[in-house]
Amino acid sequence: MSTIEVRNLTKAFGDVRALDDVSFTIEDGEFAVLLGQSGAGKSTLLRCLNGLTKPTSGEIRIDGEPVNGPRDDVAMIFQQHYVLGQLSAYGNALTGALNRTSFFRSLVGWHSESDKYEALRALETVGLLDQASQRTRSMSGGQQQRVGIARALVQGPNLLLADEPVASLDPASAETVMGYIRTAAAERDLSTLASLHQVNLAREFGERFLALRDGKLVFDGYREDLTVDVIDRIYGDVQTADIREGTEVSA
Amino acid sequence: MSGGGSASDGGARGDGDRPRDARTDGGTQSKSGTLDRALQDITLTKRIKWGMAFLISVVFGFFFFEALAEVGFSVAEILYYWPEFQSALGDFFPRTTLFGLPFVDFGSYWQFIQERDLLGAAIVTLAMGFAGTVLGIPGALILGVLGSERVTPYPFNFIFRGTMSVIRAIPALVWALIYIPLGGVSPFTATLAIGTDTMGNLGRLFTDALEEVEDGPIEAIESTGANRRQTVVFGMLSQVFTPFIAWTMYILEINTRIAVTMGLIGGGGIGYVLQTQRSLFKYTNMMATILVIFVLVVSVEFVSQRVRSYIRGEEEEGLTVLKLIIEFPQRMARSIWE
């Protein structure tokens, strides 16, 4: 469990403000969903929380500790899953334990007994125990993403971040993978922040919702506050305007 | 040459277009003016291209003839010495009769192969190529990985890239000459030279392979809180594991051919037998040795190709034995100056 505090977070890439004065707090153990259309700043916000990107100004504290770089108590699930195709599902899950394994031991694959069990337990959580020794390169997109989740779980995080975890999956796999993320978070009492662009999935899985538009936080509330009007405010009129102008809608 | 060809094609097409343009002239006045201008532009560009192609051909031809003069190339020489070469050919391919028909006398080849233990010599050559490759791998890994801009920050990676460039600028044969004070003219010196050459060549291939790695898995490993070295090994090197093995096998093929040529300067093995027989003008024995070299190099290449297609894990066409044999002389020749 973790508390995230974000204060006046701004990230500029040249003249473009990807995040503009964003502030919010996520309490221990909440399952929060980050909404917004492509380019709204969702990925940038998650990368800042993870320490992969340095903010231009503002502050992020996780459990009171400022974020200065990647840390072992924050795990991330990526849209393109980024698992190592060369390794088995088990080998990939074990890379989550690198932060507590010395360089030499990780090089020769000499992991502690508890880490080995942790990797198998994580694979069991995502329903891949039977495929543990299969090379991830030969797995389906949904399975690879579940391996990515297992890796994040083995890291033993307090906070789980997910950047569009199901955006490149078909609708059925998307449901399954979101289900595994929710189960894993509930079983291990993790605070979770997942960005999604499918509103129906978001409503199905989220408790708490944050929404970004052009880098600004435009909504922060719970399921009952997420009305059709609010969704229109996040997506609707912009999309129709784009269609009117004949530009391509990326969603 | 191909440039000139395509330019002439373009010209022909341009001429063909002209009558059609004339017909469209019947349209609006301003429109035909625009088309005329476009046509003029195209014609001008074509002419410039033609001029350039002509100029390049002239310069190319000039350098070619200068080069021939420089090496004293002369057809008269070839004609003059042809009878001598013909008699040597007779020795290269000794004749016997088989069921009354003239046939190459493989028996005399086999006799020499056994007499001089050419298979043993071939194993020495193979050992030089193999041991040299293995000795070179650690250096190639270190230089190759540190030479990548993604591991060592920009100006500093050139220390390692530069080292590899210097190694590669000196041919393996010259490295052997440099090492002579260390081990005399021997297979040992040749192996050291091959190892050094491998560090430069294989290292460079490793660096190039590392340029292809994706950022995603690196960030994924970084985000688990892994340290810098773990990120390099798991995020980057695991992505290039397969290409690294494939490149190493490829360098092993090249090193086997280099090991043959090492013998020519006295480095031992099968190449040394070839050199000795040449200086004795025993052309039949030379051809017997060349046959053994042929079998050795093609075998190594065949094994290497199989391993490479196996680790790629896909049933691809691969090189057939026939193709290996047809392309053999070209690769052998290349290995002498590389």
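The preceding data block contains the structure.
The rules behind the values
Residues numbered from 1 in each chain as written. Chains lettered and ligands numbered in written order. Predicted model: local features only at pLDDT ≥ 70, side-chain atom pairs only at ≥ 80, totals over all residues. Heavy atoms only, no water. Helix = DSSP H or I, 4+ residues; strand = E, 2+ residues; numbered from the N terminus. Buried < 20%, exposed > 50% of the residue type's maximum accessible area, 1.4 Å probe, protein only. Contact = heavy atoms within 4.5 Å. Areas by Shrake-Rupley, 256 points an atom, 1.4 Å probe, with all protein chains shown as cover. Pairing = 2+ DSSP bridges. Axes fitted to C-alpha atoms, helices over the stretch in contact; angles between N-to-C directions. Polar contact = N/O pair within 3.5 Å; in protein donor to acceptor, adjacent residues only side chain to side chain. Buried area = accessible area lost by both parts, 1.4 Å probe. Salt bridge = Lys/Arg side-chain N within 4 Å of Asp/Glu carboxyl O. Nonpolar A, V, L, I, M, F, W, Y, C, P; charged D, E, K, R; others polar.

Draft legend 1. Here's a closer look at the overall build of chain B. From N to C terminus, chain B includes 14 helices and two strands. A buried classification covers 37% of the 338 residues belonging to chain B. Considering only residue pairs separated by 6 or more positions, chain B has 71% of its internal contacts joining residues 24 or more positions apart. Carbon and sulfur atoms make up 67% of the accessible area of chain B, which totals about 19,900 Å².

Draft legend 2. Fine view of the sheet that holds strand β5 (residues 65-66) of chain A. All names here are of chain A. Ordered by their spatial adjacency, four strands build an open sheet running β2-β1-β4-β5, and the pairing between neighbours is antiparallel. With one partner strand each, in any of the chains shown, β2 (16-26) and β5 form the two edges of the open sheet. Together, β1 (4-13), β2 and β4 (57-62) form the strand contacts of helix α1 (residues 42-50), whose direction differs from that of β1 by roughly 120°.

Draft legend 3. Here's a closer look at the side chain of T125 of chain A. Residues and elements named next belong to chain A. Within the secondary structure, T125 is located in helix α4 (residues 113-125). One polar contact links T125 to R188, side chain to side chain, over a distance of 2.7 Å. With residues up to four places along the chain from it excluded, the contact list for T125 reads L153, Y180, A184, E187 and R188.

Draft legend 4. Spatial organisation of the interface of chain A and chain B. Taken residue by residue, the interface counts 24 residues in chain A and 17 residues in chain B. For the pair chain A and chain B, the summed buried surface comes to about 1,800 Å²; carbon and sulfur atoms form 63% of the total. Where chain A packs against chain B, one counts one salt bridge. Residue E219 of chain B is joined to R47 of chain A by a salt bridge in which the shortest nitrogen-to-oxygen separation is 2.7 Å. Listing elements by their share of the side of chain A that touches chain B, those giving two or more residues are α1, β6 (74-77) and α3 (103-107) of chain A. With three residues, the single largest contributor to the side of chain A that touches chain B is α3 of chain A. Residue composition of the side of chain A that touches chain B, by class: 10 nonpolar, nine polar and five charged.

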